[in-house]
Structures are given as C-alpha cells and as structure tokens.
Amino acid sequence: METLEKVDSAFAGTSVEACYQCGKCTGGCPVAGLMDLMPNQLVRLVQLGRLEKAMASTAIWHCVSCQTCTTRCPQSVDCAGILDVLRQMSAEQGKAAPELRRVLVFQKAFLDNIRRNGRLNEVELIGFFKTLAFLKDFNIPLLMKDTLLAPQLMQRGKLHVIGEKVRDRAVVRRIFDRCTKPGKGA
Ligand code: SF4
Ligand code: SF4
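Predicted, not measured: the structure shown is a model, and the values here were computed from it.

Each value, and the rule that gives it
- Residues numbered from 1 in each chain as written.
- Chains lettered and ligands numbered in written order.
- Predicted model: local features only at pLDDT ≥ 70, side-chain atom pairs only at ≥ 80, totals over all residues.
- Near = placed C-beta within 6 Å.
- Nonpolar A, V, L, I, M, F, W, Y, C, P; charged D, E, K, R; others polar.
- Helix = DSSP H or I, 4+ residues; strand = E, 2+ residues; numbered from the N terminus.
- Expected span 1.5 Å × (residues − 1).
- Axes fitted to C-alpha atoms, helices over the stretch in contact; angles between N-to-C directions.
- Parallel < 35°, antiparallel > 145°, perpendicular 65-115°, else oblique.
- Left-handed = near helix turned anticlockwise from the far one by under 90°.
- Contact = placed C-beta atoms within 7 Å.
- Buried ≥ 20, exposed ≤ 12 C-beta atoms within 10 Å, placed from the backbone.
- Core = buried A, V, L, I, M, F, W, Y, C linked by C-beta atoms within 7 Å.

(A) Region of interest: the site of ligand 2. Looking at ligand 2, there are 15 residues lining it, with Cys-29, Cys-63, Cys-66, Cys-69 and Ala-80 nearest. Residue classes in the shell around ligand 2 are distributed as eleven nonpolar, four polar and no charged.

(B) Fine view of helix H8 (residues 101–117). A rise of 1.5 Å per residue sets the reference length of H8, with its 17 residues, at 24 Å; its end C-alpha atoms lie 24 Å apart and thus fit the reference within 8%. Once H8 ends, the next one or two residues include Gly-118, with phi positive near 85 degrees.

(C) Representation of the site of ligand 1. The environment of ligand 1 is formed by 14 residues, the closest being Cys-19, Cys-22, Cys-25, Asn-40 and Cys-73. Every element with two or more residues in the shell around ligand 1 is listed here: helix H2 (24–28) and helix H3 (39–47). The residue makeup of the shell around ligand 1, split by class, is eight nonpolar, four polar and two charged.

(D) Representation of the packing of H3 against helix H7 (residues 79–92) in the model. Relative orientation of the contacting elements H3 and H7 amounts to 65 degrees, with a least axis distance of 10 Å. With respect to each other, H3 and H7 are oriented roughly perpendicular. Helix-helix and strand crossings are classified by hand; for H3 and H7 the assignment is left-handed. On H7, the residues touching Pro-39, Leu-42, Val-43 and Val-46 of H3 are Cys-79, Ile-82, Leu-83 and Leu-86. Along the lines of polarity and charge, the residues of the contact of H3 with H7 split into eight nonpolar, no polar and no charged.

(E) Summary view of the environment of Gln-47. In this fold, Gln-47 is placed in helix H3. Since 18 C-beta atoms lie within 10 Å of it, Gln-47 is described here as partly exposed. Ignoring sequence-local partners within four residues, the contact set of Gln-47 consists of Val-16, Glu-17 and Cys-19.

(F) Quick look at the nonpolar core. Core analysis: the largest hydrophobic core is formed by 26 residues, its most contacted members being Leu-42, Val-43, Val-46, Cys-79, Ile-82, Leu-83 and Leu-86. With seven residues, H7 is the largest single contributor of residues to this core. What Val-43 contacts, discounting residues up to four positions off in sequence, is Val-16, Cys-19, Val-77, Cys-79 and Ile-82.

What follows is the structure in structure tokens.
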C-alpha cells in the first residue's frame, strides 16, 4: 500500500481527499456499465492508497476521457485526471491485465506517432499497431481485417498515404517532456 504522501504527490493536480463518495461521477459515466470498478470506487481506492488494485482494474482502460465525471463532481475532484494518472502508472509499472495488451500497444503506437509527427499519420499508426498487435501472434485474419476499407477511406479524405508533419516538432517534444515528468499523466 502506498503512503498518503506518495499518493498526494502523484495526484497533486487534484484534491483526492475531498471526495465524499456521492457517486455523481459514476452516475454520469457513459461507460460505467463496462467497468469492473466504478469511477467513485477508483477514487476511493486512491484515497486509501490502494493503488495496486486501482492500477490492475480494467475500468481505467474503458474510460474514454469524456470528462463528464470531472464536470459533475460537486467537490471539484478531477476524477478523469485521476484515471489518466492511473493509466499512466499502470502502463509504466506493467500492472495492466494481460488481456489488455493490445489496448496498451495501441496507446503506445498512437502517442509515439503524435510525438514523431505532431499530428496523426493514419497509415503509420495502422502499420505499427497491426504489426505489434497481430503479427507477433501470427493472427493474419486480424492483421488483414479492414484492409479493403482503405480505398474508400482514402477517397473520402479520411486516410492519407503521405501524412503531414507539423513544422515545429520541437514544441511537440517539449509538450511530451513536460507531460511525462514523474507524477504527470501522458
Ligand atoms: S462526484 Fe466527486 S465527490 Fe462524488 S464520488 Fe465522484 S469524485 Fe467523489
Ligand atoms: S472521463 Fe472516463 S470515468 Fe469519467 S465519465 Fe468519462 S468515461 Fe467515465
């Protein structure tokens, strides 16, 4: 169990201790039905310093970061931010359940893509994700799934073979550096 000081420092952006378990965050969460632990229960685990249990929860990976919980909270607890930190810690410390491997692969492929280009290069993302997620398991059907949609997506301007990069990528690198400092989510 983490000490309260360590928990406070990791979640310094919000006042975890202010939560009084009213449940309004969970009441408004659009994906609560898919979660193994509800948003208010995750906040409670953080209050108690039971981070191991919170980090191993599948709920943190179902969260779609819509911020509804944060905006509904009468105590101004940044519940969505807490889940962000839990995801970051879970990924860094390898606490995510094995069945979530592909979710983590996608998250890493997505963030690396933005870090490199400053904006999303769809073809590069699909290539990295599919190779890392499916080629390793020789899962050829999933590797090839949706390939036939590519021409239609290109025609509609939703998929670009040659992706654009932002000019000042040093700014993007600085943003990533700031966000990935210890105790910050990314
Ligand atoms: S809405 Fe705020 S105070 Fe109520 S349970 Fe959620 S985090 Fe706690
Ligand atoms: S940010 Fe996540 S936990 Fe909060 S309401 Fe949205 S999906 Fe639910």
